[in-house]
Amino acid sequence: MANYRLKKGYDIRIAGEAEKFIERAPLPESVGLYPADFYGMTPKPLVEGGERVKVGTPLWRDKRRESLVVTSPVSGTVAEVRRGERRVLGAVVIRTDGKQHVATTAAPPPKRVSSSARGDIIGALCAAGLFPLVRQRPFGTIADPQATPRDIFVTAMDTAPLAPDQGLIIKNHQREFQRGIDVLAVLTPGKVHLCADGGPGGDSLFDGVKNVEHHRFAGPHPAGNVGVHIHHVSPIRGAGDIVWHCTVQGVILIGRFFIAGAPSFEVTAAVAGPAAARRRYVEVLAGAEISSFAGASDAFPSARFISGNVLTGRNAGADGFLGFGDNLVTIIPETKKSVFLGWLSPGFSLESFSGSFVSRLMPRRRFAIDTNRNGSVRAFVATGIYERLLPMDILPLFLLKSILAGDIEEMEKLGILDVTPEDFALCEYACPSKTDIQRILRDGIDLVLKEARERE
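All values reported here derive from a predicted model rather than from experimental measurement.

**Considering the overall build of the chain**
Phase 1: Counting its regular elements, the chain contains 9 helices and 20 strands.
Phase 2: A compact globule built from 456 residues would reach a C-alpha radius of gyration of about 23 Å, and the chain, at 22 Å, matches this within 12%.
Phase 3: When each of the 456 residues of the chain is scored for burial, the buried share is 55%.
Phase 4: A separation of at least 24 residues holds for 69% of the contacts in the chain among residues at least 6 apart in sequence.
Phase 5: If you average the places of the 55 positive and of the 50 negative side-chain charges in the chain, the two averages end up 2 Å apart.

Quick look at the structure:
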């Protein structure tokens, strides 16, 4: 077992952690899936409004890799196929029938998991719609089923603000998790790396997992990001050096499929945030209507519902849906009011990375952070703040400037293949210029990915 102790980074002191008990959420009236949650796929719809579907019925497929499909997590009727500009698929909404009939899959999981059955395993995962649970570096896309990854990383820790407890997620699903690990192990000629929390609160439930190489990481956020783990354990060496990764929840769903023989999309999600009415963990379907299991406190008549964490999540709205792959809903107060000469206040109730408020003297205090950006967009200036927040051997400011210049060769030299926008999210939070850093990084990755695909 290898231990890594990282010093760079920062833990945002936000109030509203979910209480550590799990309850089952009711079956939602509707479920929605967004193609935006499946980066790297070009969706082609396979269903129309009014069509009946079952659990596992394909909803859309990738135009480049036809075997890669996204399937329905529920049985019911397609209520809406939303389209955006140029008729690009925006979402598929399904009204549930409460019966959860399962579709007959074209490729059932093989009973014997071995390297000789690798093709059958990938075929079964693709047909069931579970293969999108596996992501790929570089670029952070949905994994390519035709590729052979050098290694596979499983991230068993999350240091994002109000992140769910990974130990609680695995607590009642250790058998499924081990089965999922065994399945992943035959998909790579290399190793399966299991990266868990090495801090004082680290969970020992992962210690007994077999068929993996164990790693322990400790330190402030983003120490729990898979990009940080890959960078320190076995870095990406080029655009053709492919590594897959998966979350704990994803491994459980894969393992459950190979035990039960049918796909299931029930996940454990946390409801957290200072404006949440009830903070807890729920067992809920991926893509479930958020209002079916989470609500805002009456003390906050205007609240923002985020699928994911406050740094990288999507503003879903109260009538939106839980993102595919998300296991956290964060609810924070919505406000746009500005504070006159706010920087002159002592800041007893304000959280700040720069330590310019009195609150820096109260390190254990948590704050009800809202949506206020606390300042307008300013000139993009070099402050040296990004280097204090990124625990990787990368020069973030120079990388961002090479992206703005559109210099692909320089981007690759400066490490764009090692990162995704989530690795820079903390830099965006602390940026005094209020620069949309994640969008810049996404634009750079889009550009490099486009050129890589044109070379194929």
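Next comes the rest of the account.
**What to know about the pattern of salt bridges**
Phase 1: For the structure on display, the rule yields 23 salt bridges.
Phase 2: The shortest N-O distance in the salt bridge between arginine 256 and glutamate 176 comes to 4.0 Å. One end of the pair, arginine 256, is in helix 5 (residues 248-260); the other, glutamate 176, is in helix 3 (residues 174-185), with 80 residues separating them in the sequence.
Phase 3: A relative accessible area of 13% means that arginine 256 is categorised as buried.
Phase 4: Taken together, the salt bridges that share partners define one network made up of Arg150, Asp151, Arg237 and Asp241.

**Some words on helix 6 (residues 396-404)**
Phase 1: Taken together, the buried positions of helix 6 are occupied by Pro396, Leu397, Leu399, Leu400, Ser402 and Ile403.
Phase 2: Next to the buried residues of helix 6 lie helix 7 (408-413) and helix 9 (437-455).
Phase 3: Two residues or fewer past helix 6, glycine 406 is found with a positive phi of approximately 70°.

**Let's talk about the sheet that holds strand 5 (residues 52-53)**
Phase 1: An order of 3-9-8-5 is seen for the 4 strands of this open sheet, with the pairing classed as antiparallel. Across the chains shown, the open sheet's two edge strands, defined by having one partner strand only, are strand 3 (30-33) and strand 5.
Phase 2: Pairing analysis gives 2 bridges linking strand 5 to strand 8 (residues 76-83), with the strands arranged antiparallel. Each residue of the ladder has a partner; that of arginine 52, found in strand 8, is threonine 77.

**Brief notes about the packing of helix 6 against helix 9**
Each packed pair of helices is defined by two parameters, the angle between the axes and the distance between the axes.
Phase 1: Where helix 6 meets helix 9, the axes come as close as 9 Å, and the angle between the chain directions of the two elements is 60°. Taken together, the axes of helix 6 and helix 9 lie oblique to each other. The handedness of the crossing between helix 6 and helix 9 is left-handed. From helix 6, Leu399, Leu400, Ile403 and Leu404 reach across to helix 9, where they touch Ile437, Ile440, Leu441 and Gly444.
Phase 2: Partitioning the contact of helix 6 with helix 9 into residue classes produces 7 nonpolar, 1 polar and no charged.

**What to know about the sheet that holds strand 1 (residues 2-5)**
Phase 1: Pairing in this open sheet of 7 strands is mixed, and the strands run 1-14-13-12-15-10-11 from one edge to the other. Each of the sheet's edge strands pairs with one partner strand only, and the pair in question is strand 1 and strand 11 (141-142).
Phase 2: Of the pairings in the sheet, the one linking strand 12 (residues 151-156) to strand 13 (residues 192-197) comprises 5 bridges and is parallel in character. Its bridge partner lying in strand 13, isoleucine 152 is registered against valine 192.
Phase 3: Contacts from helix 4 (residues 226-233) reach strand 1, strand 10 (135-137), strand 12, strand 13, strand 14 (213-218) and strand 15 (243-247), with the element oriented near 130° to strand 12.

**What to know about the layout of surface pockets**
Any space left empty among the atoms is revealed by the rolling of a water-sized probe across them.
Phase 1: The calculated volume of the second largest pocket comes to roughly 910 Å³.
Phase 2: As for the second largest pocket, its lining consists of 34 residues, and the residues nearest its centre are Glu17, Asp158, Thr159, Ala160 and Ala163.
Phase 3: Grouping the constituent residues of the lining of the second largest pocket by class yields 16 nonpolar, 9 polar and 9 charged.

**Describing the side chain of serine 30**
Phase 1: Following the sequence through the fold, serine 30 ends up in strand 3.
Phase 2: A relative accessible area of 6% places serine 30 in the buried class.
Phase 3: Serine 30 has contacts with Val93, Ile94, Arg95, Thr96, Gly287, Ala288, Glu289 and Phe321, leaving out every residue within four places of it along the chain.

Conventions and cut-offs
Residues numbered from 1 in each chain as written. Predicted model: local features only at pLDDT ≥ 70, side-chain atom pairs only at ≥ 80, totals over all residues. Heavy atoms only, no water. Helix = DSSP H or I, 4+ residues; strand = E, 2+ residues; numbered from the N terminus. Rg over C-alpha atoms; globule rule 2.2 N^0.38 Å. Buried < 20%, exposed > 50% of the residue type's maximum accessible area, 1.4 Å probe, protein only. Contact = heavy atoms within 4.5 Å. Lys, Arg positive; Asp, Glu negative; His and termini not counted. Charge placed at Lys NZ, Arg CZ, Asp CG, Glu CD. Salt bridge = Lys/Arg side-chain N within 4 Å of Asp/Glu carboxyl O. Pairing = 2+ DSSP bridges. Axes fitted to C-alpha atoms, helices over the stretch in contact; angles between N-to-C directions. Parallel < 35°, antiparallel > 145°, perpendicular 65-115°, else oblique. Left-handed = near helix turned anticlockwise from the far one by under 90°. Nonpolar A, V, L, I, M, F, W, Y, C, P; charged D, E, K, R; others polar. 1 Å grid on protein atoms, 1.4 Å probe; cavity = no way out; pocket = protein on both sides within 12 Å on 5 of 7 lines; lining within 4 Å. Points joined across faces, edges and corners; volume = space filled by probe spheres on them.

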